[in-house]
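These are the residues of each chain, in order.
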Amino acid sequence: MTTTAAHLDPPRTAFLNDPVVRGVIYQIIVAGLVVALFVFILSNAVQNLVAQNKTMGFDFLNQVAGFDIFFKLIPYDRASSYWGAFAVGLLNTLLVAFVGIILATIWGFILGIARLSSNLIISWLATIYIETLRNIPLLLQLYFWYFAVLKTMPNVKQSFVYFDTFVLNKRGFFVPWPVLDDRFIYAVGATVVAIVAAFAVRRWALRRLEATGKRFPVGWTNLGILIVVPVAGYLLSGSHVTFSIPVLKGFNYEGGEDLPPELVALVMGLVLYTATFIAEIVRAGILAVNKGQTEAAASLGLREGDRLRLVVVPQAMRVIIPPLTSQYLNLTKNSSLGAAVGFPELVNVFAGTALNQTGRAIEIISLTMLVYLTFSLGTSALMNIYNARVALKER
Amino acid sequence: MSDDTARFVRTEMAPAERPPIRVTGLIGWVRKHLFSSIGNTVLTLLSIAFLAWVMPPLLNFLVFKAVWTDPDGLKGDLCRPEGVGACWAFISARITFFVYGFYPQTELWRPNIVLISGLVLIVPLFTPKAPYKVPNAILFFIVLPIVSFFLLTGGVFGITPVPTEKWGGLLITLVISVVGITCSIPIGILLALGRRSRLPIIKTLSILFIELWRAVPLITVLFMASVMLPLFMPQGTTVDKLLRALVGVTLFESAYLAEVVRGGLQALPRGQYEAASSLGLSYWKSMAFVILPQAIKHVIPGIVGNFISLFKDTSLVSIVGLFDLLNTMQSALGDQDWLSPNLTVTGYIFAGLVFWVFCFSMSRYSRFLERRLDTGHR
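Residues numbered from 1 in each chain as written. Chains lettered and ligands numbered in written order. Predicted model: local features only at pLDDT ≥ 70, side-chain atom pairs only at ≥ 80, totals over all residues.

Under an unreviewed UniProt entry, chain B has the name Amino acid ABC transporter permease and belongs to Devosia nanyangense. In UniProt, chain B has this text filed under Sequence similarities (unreviewed entry): "Belongs to the binding-protein-dependent transport system permease family. HisMQ subfamily." (UniProt positions renumbered as here; feature names shortened; annotations may be inferred.)

Looking at an unreviewed UniProt entry, chain A carries the name Amino acid ABC transporter permease, with the source organism given as Devosia nanyangense. The annotation that UniProt attaches to chain A under Sequence similarities (unreviewed entry) is "Belongs to the binding-protein-dependent transport system permease family. HisMQ subfamily."

Now the structure itself:
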């Protein structure tokens, strides 16, 4: 490059050295390669399918599936279509994810706080638990709970029975289950009303506090509302809820709800494993809040509860929520390991049984991936909104 | 001041009183950490009760009542009696299966050479003070995989070919994780650069690739690799089962690594990019000599963390029919000769222990690195 005349003429770059031109060329090359790869893949796939006498398309979804699923939340039988099997699998995945997320959050928060406890035995126990379980593959843990623990449970006759209501044996875990009647809907309605009222009270109290400085015992009032209104709704509606309790009849327990060992093993494995990661997130979040923040809040005259609620928790949550959501997503994705212990979730039912029966690999795998993609993109969309709301407002 | 006979003035400080015994030493320590309040006391007592309830049976099972050796070749009969603990004799009897899978007994020197030379190369590579990092890295990441490939598969230089179906156990777990990470680092770096590129098509393609693989569970990726990959290949080509799993693992892992590397790229101050371009370096040169060395150094702990999850995730290949450590264990547990009540638990505890030793030491290493890198300038 000559620099002598640079200040007289604008530098003249060769056409091919112009960054803009180069950018366009690079992009054309990359796009061309990607398109070529797809064409290659698709033409191969078409040829292979023709050679195997198969067709493409999603019409098979309306055909009769012809297999049964032992755990389902919606009506489904052999005569149902593949759509039905898909829906059963999807709902089972969602069920496991939902229950798993709630339990893992509770257990993870307990563990995280325990690890920070000033009581050394408690914090050692929490540390040992966390460091052990997070370093062992989840699949191995699932196998352990399923094959080594639940499958070695005694037969029906020798079941473990707790409090005459919980029964544990080879066939699963039997728990009492409420039997609802038509009028129970009124109690549900009353609960919704109570929740709305509680939010309204809180809002009103906060407004009044800001306007006049007068406090109102929000916590106790809302606790009262949340207990009294639903109970009153239940009593007034005349609904009568009974519990069906598992009883030994003949060769099996009847009544109650039978949680199959596959479900118990899957939820247990997911919760115990994911909780270790949540615990570390919670610990990091709590440690991330500077001690000066608590002291500053105290010097402003906030009381203990307000210090936590208004200063410490919001800042800890800013650190905790994003990785926590990705753990929730991980749990949802990991629920696909149910396929390994035979729980009929989406991958097992759809990418397993349905795929084996129809041989429609491309369609089924794409549909399955699409489901997880939707979960993931939906969650990240929510996360972006949340992050925008809580992001530090810097000057 | 004449009359000073009765006056006493200390010339030195009185020695400090010893602190009360209740706040020092063992007693003070116990009071402070275990019994500082009523709630703490209750928790302490409860956890001691818990330990007293759990530890004796656990130790009995794992150590004192366990069956360690099988001198008479009794196999299952040894572990069947009532009250006997873990059946470690089973593990030592089948250990070659867990390490090498179905690899022919006479050819075990080949995986042994690979495993030992891998160990010899990896220790100095991950010791910060050891010299010759670059040649060491080239040996480990480029030479070793090539040599291992020919050594393990055979068929050249007159050594007997061993098809990958015969590989198994810990060997295949290590092969998948090392190949997975080695291949996904360069792909991940390219994807991370692509995601931060100003060229719209490249950026979009990178984002699509990364988000797609990060969104789906590894098991669907493996399913995809095992049932769709053969469909995508020209007619007549067969893709090795192990290779399918490797392709799936690499695609999956490179998306995750891309995000880790992107974190490092974003953490670098803008001045570094500007300084590089003011030196007249081209894009690739500024990336290779200025940006990436710093960015990667920042995210080494993240990469190790990713490697840990990859190592744990290799256990999923058992679902697509490869005999990794977990799958060899699963199949060995069905052995009729050894059938005994505690066999399953013993097997899973052993497999878990192996995974744990690897993952825990890696996570310790990553913490050590974090502390070490933390002191440096940012």
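With that out of the way, let us pick up the overall build of chain A. Within chain A, the secondary structure is distributed over twelve helices and eight strands. Scaling as 2.2 N^0.38, a compact globule of 395 residues should have a C-alpha radius of gyration of about 21 Å, whereas chain A reaches 29 Å, well beyond that. By its C-alpha atoms, chain A is 90 × 75 × 45 Å across when sized along the principal axes. When burial is assessed residue by residue, chain A has 27% of its 395 residues classed as buried. Considering only residue pairs separated by 6 or more positions, chain A has 66% of its internal contacts joining residues 24 or more positions apart. (Helix = DSSP H or I, 4+ residues; strand = E, 2+ residues; numbered from the N terminus. Rg over C-alpha atoms; globule rule 2.2 N^0.38 Å. Buried ≥ 20, exposed ≤ 12 C-beta atoms within 10 Å, placed from the backbone. Contact = placed C-beta atoms within 7 Å.)

This part covers the overall build of chain B. Scanning chain B from N- to C-terminus turns up 16 helices and zero strands. Its C-alpha atoms give chain B a radius of gyration of 29 Å, more than 25% over the compact-globule value 21 Å for 378 residues. Long-range contacts, defined here as pairs at least 24 residues apart, represent 68% of the contacts in chain B between residues at least 6 apart.

What follows covers helix 9 (residues 304–334) of chain A. Residues and elements named next belong to chain A. A rise of 1.5 Å per residue sets the reference length of helix 9, with its 31 residues, at 45 Å; its end C-alpha atoms lie only 39 Å apart and thus fall more than 12% short of the reference. A maximum bend of about 40° is found in helix 9 at Val313, where proline Pro314 lies one to four positions downstream. For helix 9, every residue scored as buried is listed here: Ile320, Leu324, Gln327, Leu329, Leu331, Thr332, Lys333 and Asn334. Buried residues along helix 9 sit against helix 2 (82–115), helix 4 (138–149), helix 7 (261–288) and helix 12 (361–390). (Expected span 1.5 Å × (residues − 1). Bend = angle between axes of the 7 residues up to and from the residue.)

Bringing the nonpolar core into the picture now. Core analysis: the biggest nonpolar cluster contains 137 residues, and Leu142 of chain A together with Leu222 of chain B have the highest contact counts within it. The biggest single contributor to this core is helix 7 of chain A, with 14 residues. (Core = buried A, V, L, I, M, F, W, Y, C linked by C-beta atoms within 7 Å.)

Turning to the UniProt feature "transmembrane region" (unreviewed entry) in chain B, a few remarks are in order. Residue and element names in this part refer to chain B. According to UniProt, the positions carrying the feature "transmembrane region" (unreviewed entry) are residues 42–63, 84–103, 109–126, 138–159, 171–194, 215–233 and 345–363. The span residues 84–103 shows a helical share of 60% and a strand share of 0%, and its end C-alpha atoms are spaced 33 Å apart. For the annotated span residues 215–233, helix accounts for 79% and strand for 0% of the residues, and the straight-line distance between the end C-alpha atoms is 25 Å.

All names here are of chain A. With numbering matched to this structure, UniProt assigns "transmembrane region" (unreviewed entry) to residues 24–46, 82–103, 183–201, 222–243, 263–282 and 364–386. Across residues 222–243, the secondary structure splits into 73% helix and 9% strand, with the terminal C-alpha atoms separated by 28 Å. Helix makes up 100% of residues 364–386 and strand 0%. Its end C-alpha atoms lie 33 Å apart.

In this section: the interface of chain A and chain B. Listed by partner, the interface residues are 46 residues for chain A and 42 residues for chain B. Looking at the side of chain A that touches chain B, the elements that each hand over two or more residues are helix 1 (19–51), helix 3 (120–133), helix 4, helix 9, helix 10 (338–341), helix 11 (346–358) and helix 12 of chain A. Among the elements that make up the side of chain A that touches chain B, the one with the highest residue count is helix 1 of chain A (twelve residues). When the residues that make up the side of chain A that touches chain B are grouped by side-chain class, the tally is 31 nonpolar, 13 polar and two charged. (Nonpolar A, V, L, I, M, F, W, Y, C, P; charged D, E, K, R; others polar.)

Now for the sheet that holds strand 2 (residues 166–169) of chain A. Residue and element names in this part refer to chain A. Spatial strand order, 1-2-3-8: four strands in an open sheet with antiparallel pairing. Here the strands that pair on one side only, and so sit at the sheet edges, are strand 1 (160–162) and strand 8 (257–259). Neighbour-to-neighbour, the strand axes of this sheet turn through a mean angle of 20°, independent of strand direction. As paired strands, strand 3 (residues 172–175) and strand 8 are joined by three bridges and run antiparallel to one another. Following the sheet pairing, Phe174 is matched in strand 8 by Asp258. (Pairing = 2+ DSSP bridges. Axes fitted to C-alpha atoms, helices over the stretch in contact; angles between N-to-C directions.)

In this section: the UniProt feature "domain: ABC transmembrane type-1" (unreviewed entry) in chain A. When the UniProt feature table is mapped onto this chain numbering, "domain: ABC transmembrane type-1" (unreviewed entry) sits at residues 90–383 of chain A. Overall, residues 90–383 of chain A shows 71% helix and 9% strand. The separation of its end C-alpha atoms is 23 Å.

Its 28 residues place the ends of helix 7 of chain A 40 Å apart at the C-alpha level, agreeing with the 40 Å of an ideal helix rising 1.5 Å per residue. Of all bends in helix 7 of chain A, the biggest is about 25°, found at Ala275 of chain A.

So, on to the packing of helix 9 of chain A against helix 12 of chain A. Helices that pack against each other are described as a pair by the angle of their axes relative to one another and the distance between those axes. Residues and elements named next belong to chain A. Two elements in contact, helix 9 and helix 12, have axes whose closest approach is 11 Å; the angle formed by their N-to-C orientations is 175°. Between helix 9 and helix 12, the angle falls in the class roughly antiparallel. Facing helix 9, whose interface residues are Arg318, Ile321, Pro322, Thr325, Leu329, Thr332 and Lys333, helix 12 presents Tyr372, Phe375, Ser376, Thr379, Met383, Tyr386, Asn387 and Val390. Taken together, the residues that form the contact of helix 9 with helix 12 break down as eight nonpolar, five polar and two charged. (Parallel < 35°, antiparallel > 145°, perpendicular 65-115°, else oblique.)

This part covers the domain arrangement of chain A. Partitioning chain A into structural domains gives domain 1 (26–55) and domain 2 (82–135 + 270–390). With centres defined by C-alpha atoms, the gap from domain 1 of chain A to domain 2 of chain A works out at 38 Å. (Domains from an automatic or database assignment.)

Residue and element names in this part refer to chain A. Taking every second residue as pointing to the same face, the buried face of strand 2 carries Val167 and Asn169, while none of Phe166 and Leu168 on the other face is buried. The pairing of strand 1 with strand 2 spans three bridges and is classified as antiparallel. Across the sheet, the residue bridging to Phe160 is Leu168, located in strand 2. Taken together, strand 1 and the strand that follows it, strand 2, pair antiparallel across an intervening segment of three residues, in which Phe163 is found at a positive phi of about 55°. Strand direction decides the pairing type here: strand 2 and strand 3, joined by three bridges, are antiparallel. Along strand 3, the bridge assignment pairs Asn169 with Gly172. Hairpin connection between strand 2 and strand 3: a loop of two residues separates the two successive antiparallel strands.

All names here are of chain B. Among the secondary structure elements, Ala137 is positioned in helix 7 (residues 133–153). Judged by the 12 C-beta atoms lying within 10 Å of it, Ala137 falls in the exposed class. Spatially, the C-alpha atoms of Ala137 and Leu242 are 25 Å apart, while their sequence positions differ by 105 residues.

This part covers the domain arrangement of chain B. Residue and element names in this part refer to chain B. Looking at chain B, the domain boundaries give domain 1 (89–103 + 169–374) and domain 2 (105–161). Summarising the inter-unit geometry, the C-alpha centres of domain 1 and domain 2 are found 19 Å apart. Across the contact, seven residues belong to domain 1 and seven residues belong to domain 2. Going through the elements one at a time, helix 8 (169–195) and helix 16 (343–374) are the ones with two or more residues in the side of domain 1 that touches domain 2. If one sorts the elements of the side of domain 1 that touches domain 2 by residue count, helix 8 sits on top with three residues. Its residues assigned to classes, the side of domain 1 that touches domain 2 shows five nonpolar, one polar and one charged.

Turning our attention to the environment of Leu78 of chain B. Residue position: Leu78 of chain B is located in helix 3 (residues 76–79). Apart from residues no more than four positions distant in its own chain, Leu78 of chain B is found in contact with Val67, Asp70 and Ala89 of chain B.

Residues and elements named next belong to chain A. Along the chain, Phe71 turns up in the loop between helix 1 and helix 2. Note on Phe71: 18 C-beta atoms within 10 Å, which makes it partly exposed. Expressed as a C-alpha distance, the spacing of Phe71 and Asp258, which sit 187 residues apart in the sequence, is 9.8 Å. Dropping the residues within four chain positions of it, Phe71 is found in contact with Asn92, Pro260, Leu263 and Pro344.

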